[in-house]
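Inside the fold
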Amino acid sequence: MDTVTSRRGFVGAAAGAAAGVAAAAMAGGSAKAAEAGATTAPKVNDFFAGKGNARQITDDIWWVGAADKRLALFENVYPLEQGMTYNSYVILDDKVALIDTIDRAVTGQWLENLNAVLDGRQIDYLVVDHMEPDHSAGIDLILNKFPQCTIVTSAKAKELIDQFFEIDATDRTKIVAEGDVLELGTHSLAFVEAPMVHWPEVLMCYDAASGVLFSADAFGSFNSLDGNIFADQVDYDNDWMPEARRFVVNIVGKYGPQIQAVLDKAATLDIKYICSTHGLVWRKDIDKILDKYTHWANYEPEDQAVVIYYGSIYGGTENAANILATMLSQNGVENVKVYDVSKTHKSWLLAEAFRASHLVFASPTYNMGIYTPMKELLNYLVEHNMQNRHVAFIENGSWQPVAAKLMRNIVAQMSNMTLVGSDITLLSTTNEANLAELQDLADALAASVAGDDSSAVLKTLESDPKVVNASAGDVMHTNPDTAAVAAGTVPQTAATKQWKCSVCGYVFEGESLPDDFVCPLCGASADKFVPVA
Ligand code: FEO
């Protein structure tokens, strides 16, 4: 396929593309044209007579996605209050490119939009950025409908195509990697690899002519479109940001270093639009969402704020949580949040942990352990690599309370967690002594939220490999060094050799690769690792 040229060094190739400088001005003009409805393609109003609801992004780039407001659980896990949007884009150039397909459930809407925008033209290239079925379910349909269409995708995605579909698309597939460019005419798509954001095969692509970054799942969100397609057309902070945060941290929160690697690449590009596979298109204030992603990728809190998570069987622990919240308010702490871990889905609880700086966990003792929903939450935080927070603990128990110590042992698996105040033990209810303890904790939390960590009651939960005790008998552990993971390497010993995961690209360094080694990023076994020369 002669229109794919190999330009190793994605960033330089994209920045230096012939259309690059002129394209910046063109992209601005395109945005105005899109808002005004001026177009060289079918007019938007033409679509409302049963022809779909495609939306114009630039002069010749169109959104042909679809919303599924009926979906109750995304990935059959995450509750949706306003459904989900699946995005697919068409570039009408000398060659026509379709960027990703769509979820099977909304194929009908998508085909209406696609047909309206194509207006009889054929698809030359199907760019498969990501093979998760919410974006790839229409691949076989496109291949059947457009016999001359060539798939453009990564080598790993091709393997997944073969797994998901009973079709032999080998002769109709062009494998690309970072630095390759697909020429369409005016537009040229430069590919950038984004492994584990959020599957290992993910490619993003950047069009220098329009300044559009097709970002796969990155910068996406739960929620469905209500007509508006651009993030600046809605009350994003109130209506969308909580769902964008919940989407990102639950879906790819574990892969912060990989997200940061993508942000580092994005920082070198002149991005005018971000077109994700979910949610709204960004064309203004792009730095705002990039800043949020920087916080999430590095596990840095967005807000100096307190979130209290409690579990409660008969109300005793709940009462203590509410008393603490009230004391915090009286101490001047604003926007205190209190969550019943039995009632609020863990996806929201995780999102709040990514947002806030201070987390309080209050749990009954249950089966001589942690109350089940609280234990599930804490393990969920560990799974998603939660780090860099201040924490406090309240336990309850009518005859032998043990929950606080056990909660600290789970939290100790997270890196750089700082203990505020002393554990508070309730014996069934909050007594006078507990009230004084809660006031002390509220004082310590209020001071810490205000930036004063000098209080004598603060202890840093330093942890493995140094392994120190936060209090007598409690061993703390830590995850691999974040910076090392970001660099793609986690030194295991005095490094002499390297093995690279063939699934996600993670590099293991050491004298030998253990037979039972499991990739910490994608879970691949040792036989998936190949020696690095
Ligand atoms: Fe929206 Fe990873 O698929």
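Since the model is a prediction, treat every value here as computed from it, not as a measurement.

A few points about the overall build of the protein chain
Scanning the protein chain for helices and strands turns up 15 helices and 29 strands. Of the accessible surface of the protein chain, which amounts to about 21500 Å², a share of 49% is contributed by carbon and sulfur atoms.

Side note on the packing of aromatic side chains
For the structure on display, the rule yields 18 aromatic pairs. On the numbers, 5.4 Å between centres and 10° between planes, the contact of Tyr 309 with Phe 361 is stacked. Taken together, the residues span a long stretch of sequence, with Tyr 309 in strand S18 (residues 303-310) and Phe 361 in strand S20 (residues 356-366) at a distance of 52 residues. In terms of burial, Tyr 309 and Phe 361 fall into one category: buried. Each member of the aromatic cluster is reached from another via a ring pair, and the members are Phe 74, Tyr 78, Phe 222 and Phe 247. Over the aromatic face of Phe 230 sits the side chain of Arg 283, whose NZ or CZ is 3.7 Å from the ring centroid.

A short note on the sheet that holds strand S10 (residues 125-128)
Two modes of strand pairing occur in sheets, parallel and antiparallel, and in both the strands are linked by backbone hydrogen bonds. Pairing within the open sheet is mixed, and its seven strands lie in the order S2-S3-S8-S9-S10-S11-S12. In this open sheet, the two edge strands, each paired with only one partner strand, are strand S2 (55-58) and strand S12 (173-175). Each adjacent strand pair in this sheet contributes to an overall mean axis angle of 25°, direction not counted. Pairing between S10 and strand S11 (residues 150-153): four bridges, direction parallel.

Here we look at unusual backbone geometry
As a rule of thumb, non-glycine residues mostly have phi less than zero, and peptide bonds are mostly trans rather than cis. Residues Val 197 and His 198 are joined by a peptide bond in cis, for which omega reads 5°. Phi is positive for Asp 100, close to 70°, though the residue is something other than glycine. With respect to the secondary-structure elements, Asp 100 resides in the loop between strand S9 (96-99) and helix H3 (107-118). A positive phi angle, close to 55°, is found at Met 368, a residue other than glycine.

Some words on helix H9 (residues 286-297)
When the terminal C-alpha atoms of H9 are compared, their 16 Å separation across 12 residues agrees well with the 16 Å that a helix rising 1.5 Å per residue should span. Among the residues trailing H9, Tyr 299 stands out with phi positive, at a value near 60°.

Basis of the calculations
Residues numbered from 1 in each chain as written. Predicted model: local features only at pLDDT ≥ 70, side-chain atom pairs only at ≥ 80, totals over all residues. Heavy atoms only, no water. Helix = DSSP H or I, 4+ residues; strand = E, 2+ residues; numbered from the N terminus. Areas by Shrake-Rupley, 256 points an atom, 1.4 Å probe, with all protein chains shown as cover. Phe/Tyr/Trp six-rings, centres within 6.5 Å; stacked < 30°, edge-to-face > 60°. Buried < 20%, exposed > 50% of the residue type's maximum accessible area, 1.4 Å probe, protein only. Lys NZ or Arg CZ within 6 Å of the ring centre and 35° of its normal. Pairing = 2+ DSSP bridges. Axes fitted to C-alpha atoms, helices over the stretch in contact; angles between N-to-C directions. Expected span 1.5 Å × (residues − 1).

Shape is all these values report; function is a separate question.
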